[in-house]
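Commentary on secondary and tertiary structure
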Amino acid sequence: MRGPRPRQGRSLVMVACPGPPWEDRGDVKQPHLRGLRPSYLYPRTAQLPVPESLDGASEGPVRLEGVPVFEPTMEQFADFYAFCQAIDAWGMQSGIVKIVPPTEWVAALPSLCPQDDAPPTHASLDHVRIKHAITQHFLPAGPGKWTQTNVTRAKPLDAKQWSDLCQSPAQRGPPMSRIQRQVAAAAAAEAAVAHSRQYEASPAPNLATAGKLTRSGGVGLGAAHRARATPSKSTSSEEWRAFDYEHQWLREALTDAEREAGHTLRAADWDEPTCRAIETEYWRTLNLGQPPMYGADQQGTLFDARTQHWNVGELDSLLSRTLRCALPGVTTPYLYFGMWRASFAWHVEDMDLHSINYIHFGAPKQWYAIRQADRQRFESIMAAAFPADARKCPQFLRHKSFLVSPSFLKSQGIRPLKLVQHAHEFVITYPYGYHAGFNLGFNCAESVNFALPSWIELGRVADYCRCPLAQESVHFDVDQFWPRGPAAEAPKASEALAPAPAQARPVCVFCPNETDDALVPIPAEAIGALARIPAAKASCEASGRPYRAHQLCACFLPETWIAHGPPAAVQGAEHIHRARWTLKCQVCAPPHAKHGAKVQCTKGKCPRAAHVSCALQEASGWFVDICAPDVADALEGTHSPAGSDERAVVLCRAHNPLRRAQAAEARDDALRQQVLALPRPSAVRLKTHGAIWTTQLWDVDEAQRRIVVDASPHDPAAGRIAVPWTQVVWDAPATPPGRPAPKKRRVHCALDSMGARGGGAAVAQPN
């Protein structure tokens, strides 16, 4: 799993070095792995499906109501590659699974404490440096929605210093004593509801002694900054020997008084009800207090050759058998040092690969996952929640910068799965399984991508981000390393269409533009139906084989959508109305204006039409977005019935209410540039109450959008005043764009004071 990084640079397209051909050993057929089932679903209240459900014997798809948790024996656990193949069907239903290793495997793990006589090949905490940690800022984007911005910290830290930082009052999590009181109160309330509906009035809380929540979680901003830990320059050998890295995180949940009194906590205290209460605290205080830090994407491993099975640093998978070059985070692992509220936003893995995450030590990690069956609806919901980002990049979720709460998703019809991962437990994420989460305190995790044979066909159609906001995403040609077999033939197109000349880059059937948006194939059956429509047939012939369409074009045309497969394909193209192929685009020029299928303005009976890709261009002046019913009604001047779903809104230049604001913003920016370009001092002309007078310009206050001029052009002793720069009169050639030229009338008058006539603010005369 690749963690969150700051938005900088372009996407990095990595082409791996080819290795020896892969051979499937058929490990999944081993007898002790047949019929492998989860021990339970998380939460434990969720019911496991019948044994035959995931073997194709049951009718219809299986919808898991929890995350599968496997507790294998040492015999089942011995072969990572075979075990993952055996549970692949479960993960492709839930998006993620958890594996609790056998106790004998955990007991055999070597200590990570620094030892003076240890060979350099042994993993040790003092060898790790947390370089370029990030500070995470969460900006509210609406109820239950946040955008995440990361700022890189340059100073490196070691694990001991990171632990001290996590225990500082500004960064530690909520006290366990308060969380346990909340859990006890919730349990008592549930018991009361179960036994009786008759309630007695509760005593009113003592507001005089009640704790006051501040923006730093209870200590006040000033105290939080003063109490923030300042790491020492280096950790001494004595400090390393005294550092209990496995249990240090338990002290974070104690108050100062409890710590001084010698109170202790156990890892078992973080049970399901307690973690639910902490989860509520996280969403309540996400953007309050000191921003959390995350030591994400640190190259390295805390495994060594002493660990033979499930060594994340040397996993056996399809990638390690084929790709022989190092791709950090993909074929070589990353370390992640977390603290309270350190988060990873909603995303899927690069190339839609699997990933494995292991917590070496420390606090639990809260996970959220979207079932693969809900993937398409989830993408639509996120695009509607962050429409500006979705318009700029169709793969905007790969930016790892967008958070939405479970309650927000539930209000949109999706219930995400939840999971808590503890130390010495594995979490595996699967292709098409969106996931997000946060850390509950100081911990250290290790993660890397891997692949199974079932991934190959998914990897062939995997997309990646191409926009400037992308992180260093990884992309490689799957066909180069796993060629298609003889039986895998290209889709057959309808014989009714004449083949078009070969082109360097396929053109979208629905529009004439070449964009960075992904091209998705159109099934041959749909092409055959379109061949019977003359205008559609001409568009198909002009685009050439293979027949494809932009993902955004297919999403905004009312009759079509994207089926994410595998493989992904455009659905519903044969149902596009005949008139869409004959409409003329109002944005692009002939002869391309009649190519493809167009969308019409949804304001009243407006006949204007445009290609989706043309309307999405900012210079077009069109508005295209997926809006909630109330927003769509306000834009279109309609009234939707109660319970209506979100819908696509397309508005032409004449009916786009945002274009007027954009034009005003452009005029203001042009005026600002002209004012800033004026020499100082210089003579300027101002218009006040219909009169134009000439005075001396001395300074420009850009923040207040004012200029500082002489109050009286004939009396320098009158001082200076600040007037709005909109009162400046420009010559005809210098008239700002969009502003009418000044009238020919010129009336010059001398004012002794602008206080009575101009309404300007007085400015102190400099000494």
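Residues numbered from 1 in each chain as written. Predicted model: local features only at pLDDT ≥ 70, side-chain atom pairs only at ≥ 80, totals over all residues. Heavy atoms only, no water.

Examining the overall build of the protein
Here is the rule: Strands here are runs of E lasting at least two residues and helices are runs of H or I lasting at least four, both read from the DSSP assignment and numbered beginning at the N terminus. Partly exposed describes any residue whose relative accessible area lies between the buried limit of under 20% and the exposed limit of over 50%, with all areas from a 1.4 Å probe on protein chains only and scaled to the type maximum. Contacts are residue-level and defined by heavy atoms, with any inter-residue pair within 4.5 Å sufficient.
Helices and strands together make up the secondary structure of the protein, namely 24 helices and 28 strands. Counting every position in the protein, which comprises 767 residues, the buried fraction comes to 49%. In the protein, the proportion of contacts linking residues at least 24 apart, taken out of those at least 6 apart, comes to 76%.

What to know about the sheet that holds strand β3 (residues 96-99)
As a reminder, the rule being used: Strand pairing is assigned whenever DSSP detects at least two bridges linking the two strands. Interaxial angle, 0 to 180 degrees, is taken between N-to-C directions of lines fitted to C-alpha atoms, where a helix line uses only the stretch in contact.
The eleven strands are arranged β1-β2-β3-β13-β9-β15-β7-β6-β4-β5-β11 in an open sheet whose pairing can be described as mixed. The open sheet has two edge strands, β1 (40-42) and β11 (402-404), and neither has a second partner. Ignoring which end each strand starts from, the neighbouring axes of this sheet average 30° apart.

Overview of the pairing of strand β9 (residues 354-362)
In terms of burial, β9 is a largely internal element, nine of the nine residues being buried. One ladder, built from eight bridges, connects β9 with strand β15 (residues 443-450); its direction is antiparallel. Each bridged residue has a counterpart across the sheet, and for serine 355 the counterpart in β15 is asparagine 449. Judged from the four bridges that link them, β9 and strand β13 (residues 426-429) form a sheet pairing that is antiparallel. Along β13, the bridge assignment pairs tyrosine 358 with phenylalanine 426.

Quick look at the sheet that holds strand β10 (residues 365-369)
Adjacent strands of a sheet pair through backbone hydrogen bonds, lying either parallel or antiparallel. Across the sheet, four strands lie side by side as β8-β14-β10-β12; this open sheet has antiparallel pairing. Each of the sheet's edge strands pairs with one partner strand only, and the pair in question is β8 (343-347) and β12 (417-421). Sheet twist, expressed as the average angle between the axes of neighbouring strands with direction ignored, equals 15°. Examined bridge by bridge, β10 and strand β14 (residues 435-439) share five bridges and lie antiparallel to one another. Looking across to β14, one finds that alanine 369 is bridged to histidine 435. Along the sheet, helix α10 (residues 272-284) contacts β8, β10, β12 and β14; its crossing angle with β10, the most-contacted strand, is approximately 80°.

Considerations on helix α12 (residues 375-385)
Taken together, the buried positions of α12 are occupied by Arg375, Phe378, Glu379, Ile381, Met382, Ala383 and Ala385. On its buried side, α12 packs onto β5 (145-152), β8, α13 (387-392), β11 and α14 (406-411).

With respect to the pattern of salt bridges
Formally: The term salt bridge refers to a side-chain nitrogen of Lys or Arg lying within 4 Å of a carboxyl oxygen of Asp or Glu.
Tallying each qualifying case throughout the model produces 28 salt bridges. In this structure, the salt-bridge partner of glutamate 279 is lysine 418, at a minimum N-O distance of 3.0 Å. Within this pair, whereas glutamate 279 is found in helix α10, its partner lysine 418 is found in strand β12, the two being separated by 139 residues in sequence. What makes glutamate 279 buried here is its relative accessible area of 7%. Taking relative accessible area as the criterion, lysine 418 reaches 32% and is therefore assigned partly exposed. Two residues, arginine 720 and aspartate 710, come together in a salt bridge whose shortest N-O distance is 3.9 Å. Placement of the pair is arginine 720 in strand β27 (residues 720-724) and aspartate 710 in strand β26 (residues 706-710), with a sequence separation of ten residues. A residue is classified by how much of its surface remains accessible, and arginine 720, at 18% relative accessible area, is buried.

Some remarks on helix α23 (residues 657-676)
Heads up, the rule is: A helix is expected to span 1.5 Å multiplied by its residue count minus one. Along the arc lie the directions from the helix axis toward the C-beta atoms.
Helix length check: α23, at 20 residues, gives a terminal C-alpha distance of 30 Å against a target of 28 Å (1.5 Å per residue), a fit within 8%. The complete set of buried residues in α23 reads Ala670, Leu671 and Val675. Summarising the axial view, the buried residues of α23 lie within an arc of 135°, below the 170-degree limit, and thus occupy one face. As for α23, its buried residues are in contact with β25 (691-701) and β26.

Some remarks on unusual backbone geometry
Cis geometry is found at the peptide bond from tyrosine 42 to proline 43, where omega equals 0°. A positive phi angle, close to 55°, is found at aspartate 297, a residue other than glycine. Taking relative accessible area as the criterion, aspartate 297 reaches 13% and is therefore assigned buried. Even without being glycine, tryptophan 310 reaches a positive phi, approximately 55°. Take tryptophan 310: it is sitting in the loop between β6 (293-299) and α11 (318-322). Overall, the relative accessible area of 2% leaves tryptophan 310 in the buried class.

Section: the packing of aromatic side chains
Just so we agree on the cut-off: Centres within 6.5 Å are what make two rings of Phe, Tyr or Trp a pair, Trp counting through its six-membered ring; a difference in plane orientation under 30 degrees is then read as stacked, over 60 as edge-to-face, and the rest as tilted. Here, over-ring charges are defined by two tests on the NZ atom of lysine or the CZ atom of arginine: distance to the ring centre within 6 Å, and angle to the ring normal within 35 degrees.
Taken as a whole and judged by the stated rule, the model has 36 aromatic pairs. Members of the aromatic cluster, joined through ring pairs, are Phe70, Phe77, Phe80, Phe83, Trp105, Phe303, Trp310, Tyr358, Phe426 and Phe450. The lysine or arginine in question, arginine 466, covers the ring of tyrosine 464, its NZ or CZ lying 4.5 Å from the ring centre.

Remarks on the nonpolar core
We count it as follows: For this analysis, a nonpolar core means a set of buried residues of the types Ala, Val, Leu, Ile, Met, Phe, Trp, Tyr and Cys, connected via side-chain atoms within 4.5 Å.
Counting residues in each nonpolar core, the largest one holds 89 residues, and the members touching the most others are Trp162, Trp270 and Trp346. Setting aside residues no more than four positions away along its own chain, tryptophan 270 makes contact with Met176, Trp249, Leu250, Ala253, Leu265, Cys275, Ile278, Pro364, His422 and Leu440.

Let's talk about the state of the cysteines
Let me state the cut-off plainly: Here, a disulfide means two cysteine sulfur atoms that sit within 2.5 Å of each other.
Here the structure, examined in full by the defined rule, presents zero disulfides. With no disulfide of its own, cysteine 585 has cysteine 588 as its nearest cysteine by sulfur position, at a separation of 3.6 Å. Cysteine 606 forms no disulfide, and the closest cysteine sulfur to it belongs to cysteine 652, at a distance of 3.8 Å.

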